Amino acid sequence: MNLPGSSFTAARRKIYPRAVHGRYRNLRNGISLALQAILFGVPWLQWGGRQAILADLPGRKLYLFGLVLHPQDTYFLHLLLILAAVTLFCVSALAGRMWCGYACPQTILSQAFIMVERWWEGDRAARIRLDKAGWTIAKLTRKLGKWVCWSAMGGYLGVTAAGYFFPIRQLTVTPSIVLTVIFFAVWSLFEFGYFREQFCSYVCPYARFQGAMLDDESLVVAYDQSRGEPRGKLKSSGRGSCIDCTACVQACPMGIDIRTGLQLECIACAACVDACDEVMDRVGQERGLIRYTTYTGQDPNPFRPRVAIYLGLITVLGSLLVYLLVNRSPLALDAVRVVSPGGQLAVTTPDGHISNVFKVHLINRLASPQTVNLQAEGLPGADLLGVTNPIQLEPGQVMEAQVMMLLPPGQHHGIRPFSFRVGNTRKEATFVVP
Ligand code: SF4
Ligand code: SF4
């Protein structure tokens, strides 16, 4: 029940993560730099004289290095997404939420924005003081400086995001490009400057179902209760290893206290591990009061049925994807009958010829030009009109042509199968003799 004067929802408690140093932070920084280099560098990559990866929405094409995918090829993307999901499940079973803590763009870019925040406003204590203080020129300068840098970062992120949809080397000021850049820039300012950990806690579906992905032998970050409790200040007697300094809580970007147990919000980033290790070093105790471990406390065992099933699925899906890519036809051919305005499937000309009209779609699936001939087979005496062979197809080009199949007079009534052919690609069709 909602009590008078209370609210159903708690107000957001702003989190001021403290800077930490240590091996996991170094590892996170290294991975973050490598992934950001990929994210920001990929749109600039060239392949065969054009952008290597480009989702050309108006042209309804997706360029992936030497591949040109059309809407007819979405099964490749479905397969790729299923493969990525199973791989994530496998990584989760083995390493818990390490994807979230080390590789998720949400975490990486939020950390980059927090780093800039630290440059301008200082570490945790200074930021808390600054936010509590009244407005002065110094505070205004710091806040403005931060927002100017964030805006520049958001702007560049917007340009990069637009570069996945429009050729980045030819970006010009058109309404669609400007809108795309502004959308991603504003979204990144909101997401990484303000919303941050709330996305992981309230929006991301992976955080919700990850419990089903983990088992007793998955890697998690945990506090060693048996060693740490009873916690107490450094000089108190009879205490465990935890000196209740709260360094782990202050370092946590999710604002949680890992000492109260594993929590849904924990992204396994190990900032608390680094923070506690630093403290343990200072007080001369063994590291690892907070550490990567498993629910059972044993070393992780990669040889488990769950992992074997995931690896089997990855192998099957990966092999299927490679097989389909290798055996993919360089051309896609489709033909649909055009019914006359009077609803007729076939028309008899005044001199007795019989015509059927088809709309033919031809797609060059290669990243290089092709010269092809469109032919009709299986109908002796038929003429194919409306197309001039050879046909020159540019990389990824979709050609649409209305063609007419014409049979001489004197045909028997019925339906005759035949096929359109381009190279080794065929499309079966039928000719109607009225
Ligand atoms: S509890 Fe530790 S590992 Fe989990 S999110 Fe917080 S700092 Fe990262
Ligand atoms: S950093 Fe370590 S010692 Fe300090 S409160 Fe956390 S668990 Fe206890």
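Summary of the structure given here. (Residues numbered from 1 in each chain as written. Chains lettered and ligands numbered in written order. Predicted model: local features only at pLDDT ≥ 70, side-chain atom pairs only at ≥ 80, totals over all residues. Heavy atoms only, no water.)

### Description of the sheet that holds strand β16 (residues 414-422)
As a general point, the strands of a sheet are linked pairwise by backbone hydrogen bonds and lie either parallel or antiparallel. Filter applied, for reference: What makes two strands pair is DSSP finding at least two bridges between them. Helix and strand assignments come from DSSP, with helices taken as H or I runs of at least 4 residues and strands as E runs of at least 2, each series counted from the N terminus. Axis geometry follows a simple rule: fit a line to the C-alpha atoms, using only the stretch in contact for helices, then measure angles between N-to-C directions, giving values from 0 to 180 degrees.
Strand order across the open sheet formed by 3 strands is β12-β16-β17, with antiparallel pairing between neighbours. Looking at the sheet topology across the chains shown, the edges are occupied by β12 (374-377) and β17 (425-433). Neighbouring strand axes in the sheet, compared pairwise and without regard to direction, differ in orientation by 30° on average. With 4 bridges joining them, β12 and β16 adopt antiparallel strand pairing. Across the sheet, residue Glu377 finds its bridge partner in β16, namely Ser419.

### Some points on unusual backbone geometry
Note the threshold: A simple rule labels every residue: compare its accessible area, found with a 1.4 Å probe on the protein chains alone, to the largest value its type can have, and call it buried under 20%, exposed over 50%, or partly exposed in between.
Between Glu229 and the following residue, Pro230, the backbone shows a cis peptide bond with an omega angle of -5°. Here Pro230 shows up in the loop between α10 (225-228) and α11 (247-251). A cis geometry characterises the amide bond from Asn389 onward to Pro390, with omega recorded as -5°. The backbone phi angle of Arg60 is positive, close to 50°, even though this residue is not glycine. Positionally, Arg60 belongs in the loop between β3 (53-56) and β4 (61-64). Residue Arg60 is classed as exposed on the basis of its relative accessible area, which comes to 60%.

### Observations regarding the pattern of salt bridges
Filter applied, for reference: For salt bridges, the criterion is a side-chain nitrogen of Lys or Arg within 4 Å of an Asp or Glu carboxyl oxygen.
All told, the structure shown has 23 salt bridges when counted by the stated rule. We note a salt bridge from Glu229 to Arg231, for which the minimum N-O separation is 3.0 Å. The class for Arg231 is partly exposed, based on a relative accessible area of 31%. Arg259 is the partner of Asp244 in a salt bridge, and the nearest nitrogen-oxygen pair spans 2.7 Å. Residue Asp244 is located in the loop between α10 and α11, and its partner Arg259 is located in the loop between α11 and α12 (271-282); the two are separated by 15 residues in the primary sequence. One salt-bridge network, in which partners are shared between bridges, spans Lys14, Glu117, Glu121, Arg127, Asp131, Lys143, Lys146 and Arg196.

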